[in-house]
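Observations on the model geometry
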Amino acid sequence: MLYQQIQQNKRKTLALLVFFCLLVLAIGWAVGYFAGSDSIAGLVIAAVVLAFYIPVTFASAKAQVLGMSGAREIKEADNPMLFHIVDELSIVAHVPMPKIYVVDDPSPNAFATGMKPESSVIAFTTGLLEQLNREEIAGVAAHEFSHIRNYDIRLMTLCIALVGVIVIIADFGQRIFFWGGGRANKRDNSKSNPIMMVVALVLIILAPLAARFVQLAVSRNREYLADASAVEITRDPQGLINALTKIGSDTKGLKDVKEATASMYIASPFGRKRKKMNWFATHPPIENRIERLRQM
């Protein structure tokens, strides 16, 4: 059953990539329309941005995430127990031993990064290592191993990159429209179609919001699958349940966290200091995740 879910998620990944790329090209068309030039030019520009931005993001994503979180690599002598836990789980999960990083922050949390299992990294906050026992840390580590094994990190990095492209191009289109691009089209009878004008305007205004919704929905779905995969690895749902209970009780959140990388963490890094509607949440409610684990 779990294997089928993983295969289904891989198919969804391809569909999501196609959706985002088409959305980027559609916004490129809208920008070209408002600029008063041939809409094909907008498509070409969007395609060029897409072709350069995505590879650069993939190449630098791990370094950026580690840099923004303030994580530092540790050696086995710094925390032998943690290394033993990760080493044991890597064998069970059939994933190469990742490098281990630590974030100096009292808030309990963790994340994984890396575009492929061979170059993966798992980072733990000092608060998590201090507050959780061995079984609970193993549950958290297994959850992050699941993200690595299921290639969730690659997908979420792709989502972050594509949403970034969409926001950049859409913002450019909005500036063109509100600073005279739309009026230029009106003076050109060949581009004065009001229906096309409305379609283009809707695209540049609503596309970034739609892309963000899709990204967050994917992130929440991946957390549920990673929880289930973690139990498959550890055979101990209670360890992850206890870990999520302690992580969910955090009220302050991490001191230095960026919105762009929030979805990478095992739970919302903002703690309870930021209340959001479910549609805008980077993670499903802790209570829902615990309830699903108890039913396993």
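This text goes with the structure placed above it.
Let me begin by describing the structure that accompanies this report. (Residues numbered from 1 in each chain as written. Predicted model: local features only at pLDDT ≥ 70, side-chain atom pairs only at ≥ 80, totals over all residues. Heavy atoms only, no water.)

On to the packing of aromatic side chains, then. One pass over the full model with this rule turns up 2 aromatic pairs. Relative to Tyr 265, the ring of Phe 111 has its centre 5.0 Å away and its plane inclined at 65°; by these criteria the two rings are edge-to-face. One end of the pair, Phe 111, is in strand β3 (residues 110–113); the other, Tyr 265, is in the loop between α8 (237–248) and α9 (286–294), with 154 residues separating them in the sequence. Across the pair, Tyr 265 and Phe 111 agree in class, each one buried. Residue placement shows Arg 292 over the ring face of Tyr 224; its charged tip is 3.6 Å from the ring centre. (Phe/Tyr/Trp six-rings, centres within 6.5 Å; stacked < 30°, edge-to-face > 60°. Helix = DSSP H or I, 4+ residues; strand = E, 2+ residues; numbered from the N terminus. Buried < 20%, exposed > 50% of the residue type's maximum accessible area, 1.4 Å probe, protein only. Lys NZ or Arg CZ within 6 Å of the ring centre and 35° of its normal.)

Once that is clear, we can look at the nonpolar core. Grouped together as the largest cluster of nonpolar side chains are 40 residues, with contacts concentrated most on Leu 82, Leu 89, Phe 124, Leu 128, Val 140 and Phe 145. If one sorts the elements of this core by residue count, helix α5 (residues 134–149) sits on top with 7 residues. Apart from residues no more than four positions distant in its own chain, Phe 145 is found in contact with Val 86, Leu 89, Ser 90, Ala 93, Val 95, Pro 96, Pro 98, Ile 122 and Ile 233. The next biggest cluster of nonpolar side chains, apart from the first, holds 32 residues, and it includes Tyr 33, Phe 34, Cys 159 and Val 163. (Core = buried A, V, L, I, M, F, W, Y, C linked by side-chain atoms within 4.5 Å. Contact = heavy atoms within 4.5 Å.)

This paragraph deals with the pairing of β3. Each regular strand carries side chains that alternate between the two faces of the sheet. Here β3 shows a buried face lined by Ala 110 and Ala 112 and a second buried face lined by Phe 111 and Thr 113. Of the pairings in the sheet, the one linking β3 to strand β4 (residues 121–125) comprises 4 bridges and is antiparallel in character. Paired with Thr 113 across the bridge in β4 is Val 121. (Pairing = 2+ DSSP bridges.)

The next subject is the pattern of salt bridges. Applying the stated criterion across every chain yields a total of 10 salt bridges. Notably, a salt bridge pairs Asp 152 with Arg 222, separated by 2.5 Å at the nearest N-O pair. With a gap of 70 residues between them, Asp 152 in helix α6 (residues 152–187) and Arg 222 in helix α7 (residues 194–234) connect regions that are remote in the sequence. The burial state of Asp 152 is the same as that of Arg 222; both residues are buried. (Salt bridge = Lys/Arg side-chain N within 4 Å of Asp/Glu carboxyl O.)

If you trace the 4 strands from one edge of the open sheet to the other, you get β1-β2-β4-β3, paired in mixed fashion. Looking at strand neighbours, the two that pair on one side only are β1 (72–73) and β3, the edges of this open sheet. Where strand β2 (residues 99–103) lies against β4, 5 bridges are found, and the strand directions are parallel. From the neighbouring strand, Val 103 faces β4, where its bridge partner is Thr 125. Packed on one face of the sheet, α5 meets β3 and β4 and runs near 150° to β4. (Axes fitted to C-alpha atoms, helices over the stretch in contact; angles between N-to-C directions.)

The next subject is the environment of Thr 245. With respect to the helices and strands, the residue Thr 245 is situated in helix α8. We classify Thr 245 as partly exposed; its relative accessible area is 41%. Between the C-alpha atom of Thr 245 and that of Ile 290, which follows or precedes it by 45 residues, the distance is 7.8 Å. From its side chain, Thr 245 meets the backbone oxygen of Ile 241 in a polar contact 2.8 Å long. (Polar contact = N/O pair within 3.5 Å; in protein donor to acceptor, adjacent residues only side chain to side chain.)

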